[in-house]
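Spelled out from the first residue to the last, the chains are:
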Amino acid sequence: MNKKKILVFNWKMNPSSKKEALKLFTALKKSAAWALKKGLKLDFILSPPAVYLDAINQKNKNTKIILSGQDTFYKGSGSVTGGISYAMIKDLGAKMSIVGHWERRSLFGESNKDVSEKIKVLLGNKMKAIVCVGEENRDQRGHFADFLEKQIRESLAGVEKFQLKDVILAYEPVWAIGAGARQPVVEEVEQSLVLIRKILKKIFGEDSKKIKLLYGGSVGESNIQELSEILQLDGFLLGRASLNPDTFEAVLKSFSD
Ligand code: 13P
């Protein structure tokens with residue numbers, strides 16, 4: 001295996017009880033400990049629903065698993081019914097948060113401006129941001145490239161160069177996310193990541209190299225190895241594969257082959 005990879009386990013709105021969440025976490029802990037013992041070059045980030053963070057954090061002793069939120073509002077506290085702030089998840093052990101996931105953008109109408117406010121607040125409070133971007137359609141004429149550039153520019157607006165080491169950009173094309181989605185072809189992912197690196201360089205110059213690049217969307221044991229060969233890639237965001245211990249165990253095992 002080449003360079004060290006980050007694996008983000010995004011549980012999304014699963015599982016539906018604390019008991020199940022702790023069981024899943026125990027399985028993840030076991031797999032992560034196995035990977036560590038094997039000397040696999042992997043970093044683990046777990047993004048559970050915020051309501052389980054506390055219980056998981058209390059059991060996250062002597063592991064290398066870093067906790068993350070799935071979203072945060074852009075204020076520490078205030079009159080925001082239903083909102084969860086960076087300060088709250090930080091208090092429960094999260095070191096970072098996902099922001100701008102397509103499901104937040106599409107189901108909750110989050111704009112690039114919202115995403116940029118959230119990133120700024122996370123970075124300004126010593127947390128990292130896992131920023132999701134990705135086109136809805138991969139058209140043959142290449143319009144998706146313009147879409148990506150606009151989305152990245154607007155989402156990262158206001159981020160300072162010295163903060164880039166705390167930015168993880170996750171390329172998650174909408175067409176590859178979730179059940180029934182099309183599996184990506186390695187070349188497509190590679191092409192997009194090369195493009196994203198170029199866009200980041202245009203915006204931030206050489207400092208853009210500090211940004212880590214992840215890929216997410218239908219990643220599993222059948223394709224993680226070949227995707228890992230992509231030079232630009234620093235890791236993966238796993239959705240469905242993060243919810244089934246047999247599957248994520250198989251994913252990890254594929255790294256030891
Ligand atoms: P799936 O792995 O289920 O396609 O989900 C990807 C994703 O959205 C991770 O954030």
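As shown above, the structure is provided for reference.
Conventions we followed
- The numbers attached to residues start from 1 for each chain and follow its sequence in the written order.
- Two thresholds apply to this predicted model, a pLDDT of at least 70 for residue-level local features and 80 or more for giving and counting side-chain atom pairs, whereas whole-chain, interface and lining totals are computed over all residues.
- Each side-chain value is derived from all of the structure's non-hydrogen atoms; neither hydrogens nor water enter the calculation.
- We call a residue near a molecule or strand whenever a single non-hydrogen atom of that residue lies within 4 Å of it.
- In protein, a polar contact means a hydrogen-donor-capable atom and an acceptor-capable atom, both N or O and within 3.5 Å, with residues adjacent in sequence counting only if both atoms are side-chain atoms; elsewhere, any N or O pair within 3.5 Å suffices.
- Where accessible areas are quoted, they stem from the Shrake-Rupley method and a 1.4 Å probe; at the residue level, only the protein chains shown are allowed to cover.
- Residue type decides the class: Asp, Glu, Lys and Arg count as charged, Ala, Val, Leu, Ile, Met, Phe, Trp, Tyr, Cys and Pro as nonpolar, and the leftover types, Gly among them, as polar.
- Here, the term nonpolar core denotes a set of buried Ala, Val, Leu, Ile, Met, Phe, Trp, Tyr and Cys residues that are joined through side-chain atoms within 4.5 Å.
- The classification of residues rests on relative accessible area computed with a 1.4 Å probe and restricted to protein chains. Under 20% of the type maximum is buried, over 50% is exposed, and intermediate values are partly exposed.
- Every helix listed is a DSSP run of H or I at least four residues long, and every strand listed is a run of E at least two residues long, numbered separately from the N terminus.
- A contact between two residues is defined here by any heavy atoms of the two lying within 4.5 Å.
- Paired strands are those between which DSSP finds at least two bridges.
- To obtain an axis, a line is fitted to C-alpha atoms, over the contacting stretch when the element is a helix, and the angle between two such axes runs from 0 to 180 degrees between their N-to-C directions.
- Paired rings are identified among Phe, Tyr and Trp, the last through its six-membered ring, by centres lying within 6.5 Å, and are further divided according to the angle between planes into stacked (under 30 degrees), edge-to-face (over 60) and tilted (the rest).
- We count a charge as sitting over a ring when the NZ of a lysine or the CZ of an arginine lies within 6 Å of the ring centre and within 35 degrees of the ring normal.

Trainee: Mind showing me how you'd approach the site of the ligand here?
Mentor: Every residue close to the ligand is listed here: Asn10, Lys12, His101, Glu172, Ala176, Ile177, Gly178, Gly217, Ser218, Leu237, Gly239 and Arg240. Ser218 places a main-chain nitrogen or oxygen 2.9 Å from an oxygen atom of the ligand. Here an oxygen atom of the ligand sits 2.7 Å away from a polar atom, N or O, in the side chain of Arg240. Taken by itself the ligand offers 310 Å² of open surface, and the protein chains cover 99% of this. Residues of the shell around the ligand, tallied by class, amount to three nonpolar, six polar and three charged.

Trainee: Would you mind showing me how to read the nonpolar core here?
Mentor: Looking at soluble globular proteins, one finds that nonpolar side chains tend to be buried together. By size, the foremost hydrophobic cluster in this structure holds 67 residues, and its most contacted members are Phe44 and Phe236. Element by element, the count of residues in this core is highest for helix α1 (residues 18-38), at eight residues. Sequence-distant contacts of Phe44, defined by excluding residues within four places in its chain, comprise Leu7, Phe9, Leu28, Ala32, Ala35, Lys64, Ile65, Ile66 and Leu252. Counting eleven residues, the second-largest nonpolar core is a separate cluster that includes Ile6, Ile130, Cys132 and Leu237.

Trainee: How do you make sense of the environment of Asp257 when you look at a structure like this?
Mentor: The topology assignment puts Asp257 in the segment after α9 (245-256). The class for Asp257 is exposed, based on a relative accessible area of 77%. Separated by 32 residues in the primary sequence, Asp257 and Gln225 have C-alpha atoms spaced 9.3 Å apart.

Trainee: Where do I start with the sheet that holds strand β8 (residues 235-238) in this structure?
Mentor: The eight strands lie next to each other as β1-β2-β3-β4-β5-β6-β7-β8, forming a closed barrel whose pairing is parallel. The average angle at which neighbouring strand axes cross in this sheet is 25 degrees, direction not considered. Sheet analysis places strand β6 (residues 167-171) next to strand β7 (residues 212-216), joined by four bridges and oriented parallel. Within the sheet, the bridge partner assigned to Ala170 lies in β7 and is Leu214. Along the sheet, α9 makes contact with β1 (5-10), β2 (42-47) and β8, crossing β1 at roughly 175 degrees.

Trainee: How should I be thinking about the packing of aromatic side chains in this particular structure?
Mentor: We describe a pair of aromatic rings using the distance from one ring centre to the other and the angle between the two ring planes. Counted according to the given criterion, the structure contains four aromatic pairs. Relative to Phe44, the ring of Phe9 lies with its centre 6.1 Å away and its plane at 40 degrees, an arrangement referred to as tilted. Of the two residues, Phe9 sits in strand β1 while Phe44 sits in strand β2, which places them 35 residues apart along the sequence. Considering the side-chain rings of Tyr171 and Tyr215, the 6.1 Å spacing of their centres and the 50 degrees angle between planes classify their relative orientation as tilted. A residue pair is termed long-range when its members are at least 10 positions apart, and Tyr171 in strand β6 and Tyr215 in strand β7 qualify at 44 residues. Ring pairing ties together the aromatic residues Phe9, Phe44 and Phe248, which thus form one cluster. Against the face of Phe108 rests Arg104, its NZ or CZ located 3.9 Å from the ring centre. The ring of Trp175 has Arg182 sitting right over it, with the charged end atom 4.2 Å from the ring centre.

Everything listed here is a matter of geometry and, on its own, says nothing about what the molecule does.
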